[in-house]
Amino acid sequence: MGLFDIFKSKGSDDTMADTKIAVIYYSSTGTNHKMAKWAVEGAEAAGAEVKLLRVEETAPAAALDSNPAWREHYEATKDIQTASTEDLEWADGIIFSMPTRFGNLPAQLKQYIDTTGGLWAQGKLVNKVVSGMSSASNPHGGQEATILALYTSMMHWGAIIASPGYSDPITFTTGGNPYGTSATVGQDGNIVENIEEAVKHQAKRTVQIASGVKQIQPDA
């Protein structure tokens, strides 16, 4: 029996309900907001308590106004709660969803991560279970590199990375990215692949691993 099987066997409905998941996303025109909502649905279906949180927009108004879709999405979602460092302390597991920016994290999410030094110094990010998802406008537009860039920071946290790997056949039919579900966005602004179930599987896996980690920690 593997470690993941142990976590699954220990993850009763009661312990899953005690698992807290923060789904934190940055989205300029809506793709990662949609992926984050699917992740919320998947984590809730697995029995977790879930928060949907957006990263604060830091781009100047002129940048938003230069792209009508960016401005429209910002106005439509600005009332969603913004992520704070307190949300990271609250969560047992965190799912990040973000677009790629030249193969790296968008500045908005990077700035948020850069505010976590206080928690890191206190050891409060150790053993947080983290999983990442990403998107780009073409199949090789930096999705994998972006998720790996996120995971580099997570290793500094001492987090436990819950990548989907090939833990379910759906990974093979949705692009084959073992690091995290990734989307290709067409010229019409829609996601090319049918990734909804892959996102939900990744969220469920994150809940299961976070539940298991929570149970085996000394202070759990």
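Lay out the layout of surface pockets in plain terms, naming residues and giving numbers.
Computed from the structure, the largest pocket encloses a volume of approximately 350 Å³. Along the wall of the largest pocket there are 17 residues; nearest its centre are Ser28, Thr29, Arg101, Ser137 and Val185. Looking at the lining of the largest pocket, the elements that each hand over two or more residues are helix 3 (31–45) and strand 4 (129–136). Grouping the constituent residues of the lining of the largest pocket by class yields three nonpolar, 13 polar and one charged.

How would you summarise helix 9 (residues 143–157) if you had to cite specific residues and measurements?
The end-to-end C-alpha distance of helix 9, which contains 15 residues, comes to 22 Å, matching closely the 21 Å that a straight helix rising 1.5 Å per residue would cover. Those residues of helix 9 that sit buried are Gln143, Thr146, Ile147, Ala149, Leu150, Tyr151, Ser153, Met154 and Trp157. Looking one or two residues beyond helix 9, the residue adopting positive phi is Gly158, at roughly 85°.

Please set out empty space enclosed by the protein residue by residue, giving values where relevant.
Enumeration over the complete set of coordinates arrives at two cavities of 30 Å³ or more. The calculated volume of the largest cavity comes to roughly 90 Å³. As for the largest cavity, its lining consists of Tyr25, Tyr26, Ser27, Ser28, Arg54, Val55, Glu57, Trp70, His73, Tyr74 and Thr77. The element that contributes the greatest number of residues to the lining of the largest cavity is helix 5 (residues 68–77), accounting for four residues. Per-class residue counts for the lining of the largest cavity are five nonpolar, four polar and two charged. Here the second largest cavity is characterised by a volume of approximately 70 Å³.

Tell me about the environment of Ala59, and name the residues and values.
Take Ala59: it is sitting in the loop between strand 2 (49–54) and helix 4 (61–65). Setting aside chain neighbours within four positions, we find Ala59 in contact with Leu64, Trp70 and Gln108.

Describe the pairing of strand 2, with residues and values.
Here strand 1 (residues 20–25) runs beside strand 2; their pairing, made up of six bridges, is parallel. Across the sheet, the residue bridging to Ala22 is Lys51, located in strand 2. The parallel pair strand 1 and strand 2 is bridged by helix 3, and the resulting crossover is right-handed.

So what about the pattern of salt bridges? Which residues, and what values?
Enumeration over the complete set of coordinates arrives at 10 salt bridges. The salt bridge partner of Lys51 is Asp87, with a shortest N-O separation of 3.1 Å. Here Lys51, found in strand 2, pairs with Asp87, found in helix 6 (residues 85–90); they are 36 residues apart in sequence, far enough to count as distant. Residue Asp87 is classed as buried on the basis of its relative accessible area of 2%. The closest approach of N and O atoms between Asp65 and Arg71, which form a salt bridge, is 2.9 Å. When salt bridges with common partners are traced through the structure, they connect Asp65, Arg71, Glu75 and Lys78 into a single cluster.

I'd like a description of the packing of helix 3 against helix 11 (residues 196–216), backed by residues and values.
Two quantities define a packed helix pair, namely the angle between the helix axes and the distance between the axes. One can describe the packing of helix 3 onto helix 11 by two numbers: an axis separation of 7 Å at closest approach and a directional angle of 50°. As the angle between them shows, helix 3 and helix 11 are arranged oblique. In this structure, helix 3 meets helix 11 at a crossing whose hand is right-handed. Residues Met35, Trp38, Ala39, Glu41, Gly42 and Ala43 of helix 3 lie in contact with helix 11, whose contacting residues are Glu196, Val199, Lys200, Ala203, Lys204 and Val207.

The rules behind each value
- Starting afresh in each chain, residues are numbered from 1 along the sequence in its written order.
- Two thresholds apply to this predicted model, a pLDDT of at least 70 for residue-level local features and 80 or more for giving and counting side-chain atom pairs, whereas whole-chain, interface and lining totals are computed over all residues.
- Water and hydrogen atoms were dropped before computing side-chain values, which therefore reflect all heavy atoms in the structure.
- The definitions used throughout rest on a 1 Å grid laid over the protein atoms alone, on which a cavity is an enclosed set of points accommodating a 1.4 Å probe that cannot get out and a pocket is an open set flanked by protein within 12 Å on both sides along at least five of seven lines; lining residues are those having an atom within 4 Å of a point.
- Grid points are joined across faces, edges and corners, and a volume is the space filled by probe spheres set on the points.
- For the purposes of this entry, the term helix denotes a DSSP run of H or I that reaches at least four residues, the term strand denotes a run of E that reaches at least two, and both are numbered from the N terminus.
- Residue type decides the class: Asp, Glu, Lys and Arg count as charged, Ala, Val, Leu, Ile, Met, Phe, Trp, Tyr, Cys and Pro as nonpolar, and the leftover types, Gly among them, as polar.
- The span expected for a helix works out to 1.5 Å for each residue beyond the first.
- Three exposure classes are used, based on accessible area relative to the maximum for each residue type with a 1.4 Å probe and protein chains only: buried under 20%, partly exposed in between, and exposed over 50%.
- Any two residues whose heavy atoms approach within 4.5 Å are treated as being in contact.
- Between any two strands, at least two bridges found by DSSP are needed for them to pair.
- Seen with its strands pointing away from the viewer, a crossover is right-handed if its path from the first strand over the helix to the second goes clockwise.
- A side-chain nitrogen of Lys or Arg and a carboxyl oxygen of Asp or Glu constitute a salt bridge if their distance falls within 4 Å.
- Fitted lines through C-alpha atoms serve as axes, helices being fitted only where they are in contact, and the angles separating the N-to-C directions of these axes extend from 0 to 180 degrees.
- Convention used here: angles under 35 degrees read as roughly parallel, angles over 145 as roughly antiparallel, angles from 65 to 115 as roughly perpendicular, and any remaining angle as oblique.
- With the far helix as reference, a near helix turned anticlockwise by less than a right angle produces a left-handed crossing, and one turned clockwise produces a right-handed crossing.

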